[in-house]
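Residue-level structural notes
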Amino acid sequence: PTLTDEQAKQAEPMKILEQLGVAFTEEMFSALLFKGFVELPVEIVKGRFTVKFKTLTTEEHDFVDELVAEELKDKNMTNEGFQNRRSLWVLAFGTTEMQGRPVAKNVMKDKELDLLATVKKRREVLGKLAPAVINPMIQKHGAMTVAFNMIVADPGTHIKNS
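Remember, it's a predicted structure, so these values are computed and weren't measured experimentally.

Rules used throughout
- Residues numbered from 1 in each chain as written.
- Predicted model: local features only at pLDDT ≥ 70, side-chain atom pairs only at ≥ 80, totals over all residues.
- Heavy atoms only, no water.
- Patch = residues over 30% accessible without salt bridge, like charges linked within 9 Å, V, L, I, M, F, W, Y side chains within 5 Å.
- Areas by Shrake-Rupley, 256 points an atom, 1.4 Å probe, with all protein chains shown as cover.
- Salt bridge = Lys/Arg side-chain N within 4 Å of Asp/Glu carboxyl O.
- Helix = DSSP H or I, 4+ residues; strand = E, 2+ residues; numbered from the N terminus.
- Buried < 20%, exposed > 50% of the residue type's maximum accessible area, 1.4 Å probe, protein only.
- Pairing = 2+ DSSP bridges.
- Phe/Tyr/Trp six-rings, centres within 6.5 Å; stacked < 30°, edge-to-face > 60°.

Taken together, the side chains of L33, F34 and V152 define a hydrophobic patch exposed on the protein surface, amounting to about 320 Å² of accessible area. Structurally, the position occupied by F34 is in helix α3 (residues 26-34). When its relative accessible area of 70% is taken as the criterion, F34 is described as exposed.

See the structure below:
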């Protein structure tokens, strides 16, 4: 099928972010470049449920791969099960707060954040939520990530002072 002009407009990164209730700023672009991630609130259920999402760093994507590989060794699963587990691990790294509160308490080791232990606790919490909540979280986090990737890939098109 041919992509209509309206469909193409909806696929624009600024439009994607707008649909998520996010107004893109230069500070977000700088955070992506220099901190490695952007963190912002996104409404999941209008007027009822908001989470704070963050884009993942390359290191976090590597951890997702390792965690899924561990599960593959221990469990038999279908391709759909594999994709679901991968999506939940991405969400565990990419969801820091729900309703203004941490998803799970940070785990500290030698006065430093133990990221993997913290994410495993987040994954436990997220795993107890209904698919009706988790599925839109996965979709919105993915849309946010794609939008930021598109902006970084072609900043001159999307940012005034590039």
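Right, let's talk about the pattern of salt bridges for a bit. Applying the stated criterion across every chain yields a total of four salt bridges. Close ionic contact of E71 with R85 constitutes a salt bridge, the shortest N to O distance being 3.5 Å. With E71 in helix α4 (residues 58-74) and R85 in helix α5 (residues 79-94), this residue pair connects regions lying 14 residues apart in the sequence.

What follows covers the sheet that holds strand β1 (residues 39-45). Strand order in the open sheet formed by four strands is β1-β2-β3-β4, and the pairing between neighbours is antiparallel. Edge strands, defined here as strands with exactly one partner in the open sheet, are β1 and β4 (101-102). As judged from the three bridges shared by strand β2 (residues 49-54) and strand β3 (residues 95-98), these two strands associate in the antiparallel manner. Note that in β3 the partner of K52 across the bridge is E97.

The next thing to look at is the packing of aromatic side chains. Enumeration over the complete set of coordinates arrives at two aromatic pairs. When the centroid spacing of 6.0 Å and the interplanar angle of 45 degrees are considered together, the rings of F24 and F148 count as tilted. On the criterion of sequence distance, the pair formed by F24 in the loop between α2 (13-19) and α3 and F148 in helix α7 (residues 131-153) is long-range, its members being 124 residues apart. Classification of F24 by relative accessible area gives buried; the value is 18%. Assessed through its relative accessible area of 1%, F148 is described here as buried.

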